[in-house]
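# Residue-level structure breakdown
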Number of protein chains: 4
Amino acid sequence: MANFGGHAIPGTFFLFYGFWLTVKHIRQHYWRTSQPKGRQNMPPFLKRMEYFEGGLQIFAAFVGIMVEQFVVDGPHARLYDKENNSWVKLMNWQHSTMYLFFGIAGIALVASTASKLVPSGVDRFTLSLALFVEGFLFYYHVHSRPHLDAHIHSLLLVAVFGGSAGTMLEVFMRDNILLELFKACMFILQGSWFYQIGFVLYPLSGPQWDLEMHDNVMFVTMCFCWHLAIALLLVTFTSSVVWFTLKRCSGRGQDIEIGMRKTSSKASCQKALLEESDEE
Amino acid sequence: MANFGGHAIPGTFFLFYGFWLTVKHIRQHYWRTSQPKGRQNMPPFLKRMEYFEGGLQIFAAFVGIMVEQFVVDGPHARLYDKENNSWVKLMNWQHSTMYLFFGIAGIALVASTASKLVPSGVDRFTLSLALFVEGFLFYYHVHSRPHLDAHIHSLLLVAVFGGSAGTMLEVFMRDNILLELFKACMFILQGSWFYQIGFVLYPLSGPQWDLEMHDNVMFVTMCFCWHLAIALLLVTFTSSVVWFTLKRCSGRGQDIEIGMRKTSSKASCQKALLEESDEE
Amino acid sequence: MANFGGHAIPGTFFLFYGFWLTVKHIRQHYWRTSQPKGRQNMPPFLKRMEYFEGGLQIFAAFVGIMVEQFVVDGPHARLYDKENNSWVKLMNWQHSTMYLFFGIAGIALVASTASKLVPSGVDRFTLSLALFVEGFLFYYHVHSRPHLDAHIHSLLLVAVFGGSAGTMLEVFMRDNILLELFKACMFILQGSWFYQIGFVLYPLSGPQWDLEMHDNVMFVTMCFCWHLAIALLLVTFTSSVVWFTLKRCSGRGQDIEIGMRKTSSKASCQKALLEESDEE
Amino acid sequence: MANFGGHAIPGTFFLFYGFWLTVKHIRQHYWRTSQPKGRQNMPPFLKRMEYFEGGLQIFAAFVGIMVEQFVVDGPHARLYDKENNSWVKLMNWQHSTMYLFFGIAGIALVASTASKLVPSGVDRFTLSLALFVEGFLFYYHVHSRPHLDAHIHSLLLVAVFGGSAGTMLEVFMRDNILLELFKACMFILQGSWFYQIGFVLYPLSGPQWDLEMHDNVMFVTMCFCWHLAIALLLVTFTSSVVWFTLKRCSGRGQDIEIGMRKTSSKASCQKALLEESDEE
């Protein structure tokens with residue numbers, strides 16, 4: 001997938017996943033802080049979010065593997081070409097392997113939401129592992145490329161391994177909102193950096209970048225920090241919006257409970273209200 | 001032991017050990033979750049498993065050292081050849097050193113099961129150390145080899161040091177089933193990767209692998225991830241089988257306790273039942 | 001800023017910040033140890049210290065960015081020069097990026113002091129991130145320089161990443177005075193080392209240093225350890241002075257409370273007393 | 001100190017310190033496990049051990065610095081030779097710096113034993129720092145040496161940084177006997193490895209070692225693991241002897257308390273008894 005689209009598709013996926021994680025974890029955090037201590041079971045609407053996320057992961061991983069294998073110039077599930085004594089399209093096989101581990105993370109998420117027998121933390125552990133495998137394969141991916149190309153990919157690894165380490169910590173420190181938002185931030189950073197890689201290596205317009213120029217390497221390093229700052233900003237902004245929406249709507253929700261329905265309640269809260277009422 | 005057999009033997013050992021660990025830790029976890037909080041002492045059948053494991057480790061390490069020393073082309077306990085001014089069969093001595101540390105881990109396991117005076121965690125600590133020493137010796141083992149040979153051995157180190165780190169964490173986080181299964185998974189991965197090294201470097205049939213070809217390196221990296229996925233699958237499958245067997249049989253076991261023996265109880269549960277009854 | 005002044009300014013800043021952190025954390029520690037367990041809210045004068053620190057960080061970061069951009073030979077907010085097809089003054093842009101993250105840390109500190117909604121630890125996390133970004137940019141900064149120049153800058157990274165790691169630990173281990181003073185110590189070390197870099201690379205008087213001479217590298221490594229020893233000494237000394245001043249004055253403070261004002265109270269305690277009395 | 005004696009002296013020191021730490025920590029552990037929960041203050045004889053250790057560290061560091069500076073071919077406190085434009089005996093200055101940090105660790109140990117105001121863990125933290133500084137200076141010490149010389153010194157770093165990391169963990173996990181014995185083990189390993197370096201680089205008899213021969217490097221790596229095994233054995237043996245001596249003697253000690261002095265009590269227990277009785 002050595003073109004702009006090949007970097008924009010995973011970038012979009014990771015960006016969306018980062019925002020989804022922000023919303024999910026803020027909802028969980030809101031629920032945790034607003035419930036009295038005694039209540040431990042996750043309410044149905046939070047469970048449904050987990051099922052949805054896990055199911056989507058499995059589905060996306062399956063589609064990803066199929067596409068990588070059966071696109072026109074793909075390997076069509078053939079690994080070794082005996083006639084030419086060569087491996088067939090190893091790049092597509094590598095991408096399939098990455099998708100496989102995200103699929104495994106999806107299965108673990110569904111399983112650990114569905115059953116109490118699955119040890120808690122398996123979902124985070126497998127997600128951490130999926131990120132580790134992604135970084136691991138990328139690491140050996142970038143050898144013997146031009147300087148800027150190798151550098152811009154190795155910066156991606158900072159986001160990937162940062163996310164992997166943060167998620168691994170979550171296995172042992174549960175319900176730490178800071179770690180959860182850090183994970184979301186790393187996914188957004190990874191997503192936006194995929195776009196940046198696409199723009200630098202396959203510019204849509206204008207001249208090609210000089211892949212050996214030192215100033216370009218220096219700019220790209222700095223640009224990565226800007227992406228990080230923007231990712232922090234986006235996570236903070238999204239978190240605040242979700243938190244205050246929840247607060248405003250659940251305030252109304254409590255009003256309903258004590259029988260003082262107000263006709264002026266805005267439509268924008270309806271969906272949230274419905275979900276909240278599941279909780280009752 | 002530069003042949004296929006020399007990689008298959010440790011591979012088989014590590015594979016079996018990985019499965020053994022899975023079974024042992026699931027049994028311990030089952031016992032932990034099914035007992036009321038007050039009961040702390042490990043029941044006799046779990047202790048017996050520890051003694052068996054420790055004893056086998058000591059025995060295997062002893063046999064391993066003896067074989068490495070006294071095979072036909074071994075060093076026969078001679079370290080330095082004064083006539084030729086050279087070391088005698090350092091490779092065999094290195095393997096003996098690795099076995100020694102697994103033997104020490106076995107002794108620590110037996111000692112910490114037998115006596116409460118031994119600080120808890122010594123068994124995990126020595127196992128972690130044994131893996132560290134294995135990785136440490138391997139690390140200086142792979143210098144100045146062909147590219148693929150060095151790479152395939154350095155991938156082994158990921159499994160070895162991963163297992164070592166996980167086991168070290170267990171010293172401080174006791175009874176964490178996720179860490180325990182991770183350790184088992186790393187042993188299975190190590191075992192299956194030993195086989196893979198054997199297949200690649202000493203193919204039983206077909207042509208030799210080109211040890212400098214970049215595509216081979218790329219395939220082997222990806223193949224390591226597949227081994228990891230299979231190891232995860234095997235641990236999950238084994239865990240589930242052991243767990244549900246325990247559940248089915250211990251359900252019957254409780255029936256027996258309240259005097260409602262059913263004649264239809266299957267023979268396959270007999271052994272487990274006997275062991276469970278030790279617990280009473 | 002390749003001159004002595006360009007290293008003395010950040011050095012002075014970091015030195016002052018290190019001392020400020022020592023004073024602040026000792027005051028917090030004193031308050032923590034002298035209060036009964038039940039009282040949890042931070043008293044107003046400690047909150048005011050946090051607001052002051054955060055505000056100053058934001059202000060300093062803003063001024064820093066402005067200066068870097070609009071000095072006579074700065075980039076004047078222009079990033080790319082289309083005429084010459086080159087980046088404009090990337091060094092100034094890099095320094096602006098570093099300041100930006102310290103500004104973000106300031107915002108996080110103010111926000112987490114002002115509102116309980118902000119998850120606890122965000123202030124430490126962002127400070128750790130600011131140090132990480134500083135180190136990250138410096139790391140790619142020192143490539144292809146003379147030996148001594150690269151070495152002296154890479155020693156700076158020990159202080160920067162050491163501080164970053166310590167501050168990250170503070171996210172998870174709150175109110176650990178040892179970690180807090182370690183952070184202060186790393187800032188003082190960083191500050192004094194900036195001065196040392198200035199003295200070595202741009203000597204105010206005397207001959208230039210030989211940037212490739214091995215003995216110079218060896219001396220500089222050792223000198224870094226001396227700076228560390230001095231930083232430890234300074235933190236210990238400052239801590240002791242602050243602690244005993246607080247103790248002497250608060251002793252008097254309590255006397256006042258029970259109505260036994262002594263006319264001999266020294267003026268030097270007045271300010272501290274006023275702040276203490278905020279607490280009541 | 002490029003001769004056998006120059007390696008034997010620190011080696012002897014570290015060996016003794018390792019044994020001392022084993023004895024001290026086993027005594028502390030014995031006291032911890034034998035006291036009821038309510039009693040928290042360390043008894044006088046354990047405090048005296050800490051004072052003795054700290055005092056000896058300060059004294060040894062002071063003597064070490066003086067010797068390094070004022071031996072016949074030492075720098076005599078002169079750092080820079082203006083006539084020749086060269087540094088004076090930087091190696092001696094480096095060793096002085098290492099001693100300085102062990103002296104600081106001694107001061108911290110005395111201070112934290114004497115006063116409750118000193119934050120707990122400062123003694124471990126400074127000891128960890130002293131080891132880090134030792135490793136840090138050694139790391140830049142071994143550049144551009146023959147292969148075997150560099151390798152044998154870098155193996156020393158495994159013991160040094162291992163000890164530093166273990167001691168740092170002790171800051172956060174107090175009274176963990178496993179970590180404490182690990183620290184002792186790393187000191188013994190470091191001590192015995194200093195002797196090994198002496199034997200290899202400055203053989204007392206026999207031919208010189210070939211410093212570039214690959215087999216020598218391989219042997220030395222393996223030999224390090226044997227030293228580790230022996231260090232483990234020594235710590236285990238010493239711990240057991242100390243523990244059972246304490247147990248036998250304190251059993252008698254309790255007899256004395258309830259007035260049943262037996263005239264057959266052996267003289268070997270007298271000293272221990274006297275110390276135990278301090279505790280009452």
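It should be emphasised that the depicted structure is a prediction, and the values quoted were computed from it without experimental measurement. (Residues numbered from 1 in each chain as written. Chains lettered and ligands numbered in written order. Predicted model: local features only at pLDDT ≥ 70, side-chain atom pairs only at ≥ 80, totals over all residues. Heavy atoms only, no water.)

## Let's talk about empty space enclosed by the protein
Residue and element names in this part refer to chain C. What the rule picks out here adds up to four cavities of 30 Å³ or more. Of the pockets and cavities examined, the largest cavity occupies roughly 140 Å³. What lines the largest cavity is a set of 13 residues, and nearest its centre among them are Lys 24, Glu 53, Leu 109, Asp 123 and Lys 183. When residues of the lining of the largest cavity are traced back to their parent elements, those giving at least two are α1 (4-34), α2 (44-70), α3 (90-114) and α4 (122-139). By residue number, the principal contributor to the lining of the largest cavity is α1, which donates four residues. Residues that form the lining of the largest cavity fall into these classes: four nonpolar, three polar and six charged. (1 Å grid on protein atoms, 1.4 Å probe; cavity = no way out; pocket = protein on both sides within 12 Å on 5 of 7 lines; lining within 4 Å. Points joined across faces, edges and corners; volume = space filled by probe spheres on them. Helix = DSSP H or I, 4+ residues; strand = E, 2+ residues; numbered from the N terminus. Nonpolar A, V, L, I, M, F, W, Y, C, P; charged D, E, K, R; others polar.)

## What about the packing of helix α4 (residues 122-139) of chain B against helix α5 (residues 147-172) of chain B?
All names here are of chain B. Look at α4 against α5: their axes get within 8 Å of each other, and the N-to-C directions meet at 160°. Regarding the angle of α4 to α5, the classification is roughly antiparallel. Pair α4 / α5 crosses with left-handed handedness. Touching Arg 124, Phe 125, Leu 127, Ser 128, Leu 131, Phe 132, Glu 134, Gly 135, Phe 136, Phe 138 and Tyr 139 of α4 are His 153, Leu 156, Leu 157, Val 160, Phe 161, Gly 163, Ser 164, Thr 167, Met 168, Glu 170 and Val 171, all from α5. Considered class by class, the residues forming the contact of α4 with α5 number 13 nonpolar, six polar and three charged. (Axes fitted to C-alpha atoms, helices over the stretch in contact; angles between N-to-C directions. Parallel < 35°, antiparallel > 145°, perpendicular 65-115°, else oblique. Left-handed = near helix turned anticlockwise from the far one by under 90°. Contact = heavy atoms within 4.5 Å.)

## Quick word on the UniProt feature "transmembrane region" (unreviewed entry) in chain A
Residue and element names in this part refer to chain A. UniProt's feature table lists "transmembrane region" (unreviewed entry) at residues 6-23, 51-72, 98-118, 125-142, 154-172, 184-205 and 217-246, given in the numbering used throughout. Regarding residues 51-72, the helix share stands at 91% and the strand share at 0%, and the terminal C-alpha atoms are separated by 33 Å. Across residues 98-118, the secondary structure splits into 81% helix and 0% strand, with the terminal C-alpha atoms separated by 24 Å. (UniProt positions renumbered as here; feature names shortened; annotations may be inferred.)

## Description of the relation of the copies chain C and chain D
The transformation that overlays chain C on chain D combines an axial shift of 0.0 Å with a rotation of 90°, and the residual RMSD is 0.0 Å. When the rotation and shift are considered jointly, the pair of chain copies conforms to a four-fold rotation axis. (Least-squares fit on C-alpha atoms with pLDDT ≥ 70 in both.)

## Looking at the packing of aromatic side chains
All names here are of chain B. One pass over the structure, following the stated rule, counts 100 aromatic pairs over all chains. Centre to centre, the rings of Tyr 139 and Tyr 140 are 5.1 Å apart; their planes meet at 85°, and the pair counts as edge-to-face. Judged by its relative accessible area of 22%, Tyr 140 is partly exposed. (Phe/Tyr/Trp six-rings, centres within 6.5 Å; stacked < 30°, edge-to-face > 60°. Buried < 20%, exposed > 50% of the residue type's maximum accessible area, 1.4 Å probe, protein only.)

## Brief notes about the environment of Tyr139(B)
All names here are of chain B. Positionally, Tyr 139 belongs in helix α4. Tyr 139 sits in the partly exposed class, given a relative accessible area of 43%. The sequence separation of Tyr 139 and Gln 208 amounts to 69 residues, and the corresponding C-alpha distance is 25 Å.

## Description of the confidence of the model for chain A
All names here are of chain A. Of the residues in chain A, 88% reach a pLDDT of 70 or more, and the chain-wide mean stands at 85. Summarising per-element confidence for chain A, the mean pLDDT is lowest in helix α8 (residues 270-279) (47) and highest in helix α6 (residues 177-201) (95). Per-residue pLDDT stays below 50 along residues 255-268; that stretch engages in nine contacts with residues further than four places along the chain or on separate chains. Across residues 272-280 the pLDDT falls below 50, and counting only partners more than four positions away or on other chains, this stretch makes 18 contacts in the model. Here the prediction assigns the complex a pTM of 0.89, and the interface score ipTM is 0.87. (pLDDT = per-residue confidence, 0-100.)

## Points about the pattern of salt bridges
For the structure shown, the criterion picks out 30 salt bridges over all chains. Among the salt bridges present, the one from Lys24(A) reaches Glu53(A), with a minimum N-O distance of 2.7 Å. Remark: Glu53(A) occurs in helix α2 (residues 44-70) and Lys24(A) occurs in helix α1 (residues 4-34); sequence separation between them is 29 residues. In this structure, Lys24(A) and Glu53(A) share a single accessibility class: buried. Note that Arg32(C) is salt-bridged to Asp175(C), the shortest N-O span being 3.4 Å. Taken as a pair, Arg32(C) in helix α1 and Asp175(C) in the loop between α5 (147-172) and α6 (177-201) lie far apart in primary sequence, 143 residues in all. What you see here is one network of salt bridges that share partners, running through Asp123(C), Arg124(C), Glu170(C) and Lys183(C). (Salt bridge = Lys/Arg side-chain N within 4 Å of Asp/Glu carboxyl O.)

## Points about the interface of chain C and chain D
It is common to give the size of an interface as the accessible area that goes away when the parts come together. Contact residues are listed per partner, giving 26 residues for chain C and 23 residues for chain D. In total, about 2,300 Å² of surface goes out of reach between chain C and chain D, with carbon and sulfur atoms giving 85% of it. Contact with chain D buries surface across chain C, with Leu178(C), Met218(C) and Met222(C) losing the most and accounting together for 25% of the total. Here chain C and chain D share zero salt bridges between them. Every element with two or more residues in the side of chain C that touches chain D is listed here: α5, α6 and α7 (214-257) of chain C. With 15 residues, α7(C) is the largest single contributor of residues to the side of chain C that touches chain D. (Buried area = accessible area lost by both parts, 1.4 Å probe.)

## Here's the deal with α2(A)
Along its 27 residues, α2(A) runs 38 Å from first to last C-alpha, staying within 8% of the 39 Å computed at 1.5 Å per residue. By the burial criterion, the buried members of α2(A) are Phe45(A), Leu46(A), Met49(A), Glu50(A), Glu53(A), Gly54(A), Gln57(A), Ala61(A), Gly64(A), Glu68(A) and Gln69(A). (Expected span 1.5 Å × (residues − 1).)

## What to know about the interface of chain A and chain B
In this complex, chain A contributes 24 residues to the contact, which on the side of chain B involves 26 residues. Overall, the association of chain A and chain B removes approximately 2,300 Å² of surface from exposure, summing both partners, and the carbon and sulfur fraction of that is 85%. It is Trp87(A), Leu117(A) and Phe172(A) in chain A that bury the most area against chain B; as a group they hold 26% of the surface buried on that side. Counting across the chain A and chain B interface gives zero salt bridges. Across the contact surface, chain A and chain B share two residue pairs in polar contact (both at pLDDT 80 or more). Of all elements in the fold, only α3 (90-114), α4 (122-141) and α5 (147-172) of chain A reach the threshold of two or more residues within the side of chain A that touches chain B. Its residues assigned to classes, the side of chain A that touches chain B comprises 20 nonpolar, four polar and no charged. (Polar contact = N/O pair within 3.5 Å; in protein donor to acceptor, adjacent residues only side chain to side chain.)

## Regarding a nonpolar patch on the surface
On the surface, a nonpolar cluster with roughly 830 Å² of combined accessible area is contributed by Phe52(A), Leu56(A), Phe59(A), Phe62(A), Val63(A), Met66(A), Val67(A), Phe70(A) and Val71(A). Tracing the sequence through the fold places Val71(A) in the loop between α2 and β1 (80-81). (Patch = residues over 30% accessible without salt bridge, like charges linked within 9 Å, V, L, I, M, F, W, Y side chains within 5 Å. Areas by Shrake-Rupley, 256 points an atom, 1.4 Å probe, with all protein chains shown as cover.)

## A closer look at unusual backbone geometry
The bulk of non-glycine residues show a negative phi, and the bulk of peptide bonds are trans. All names here are of chain A. With a phi angle near 50°, His 76 is a residue other than glycine that sits in the positive phi range. Mapped onto the fold, His 76 is located in the loop between α2 and β1. Residue His 76 is classed as partly exposed on the basis of its relative accessible area, which comes to 40%.

## Observations regarding the side chain of Lys24(D)
Under the relative-accessibility criterion, Lys24(D) is labelled buried at 5%. In this view, Lys24(D) contacts Met49(D), Glu50(D) and Glu53(D); residues no more than four positions away in its chain are not counted.

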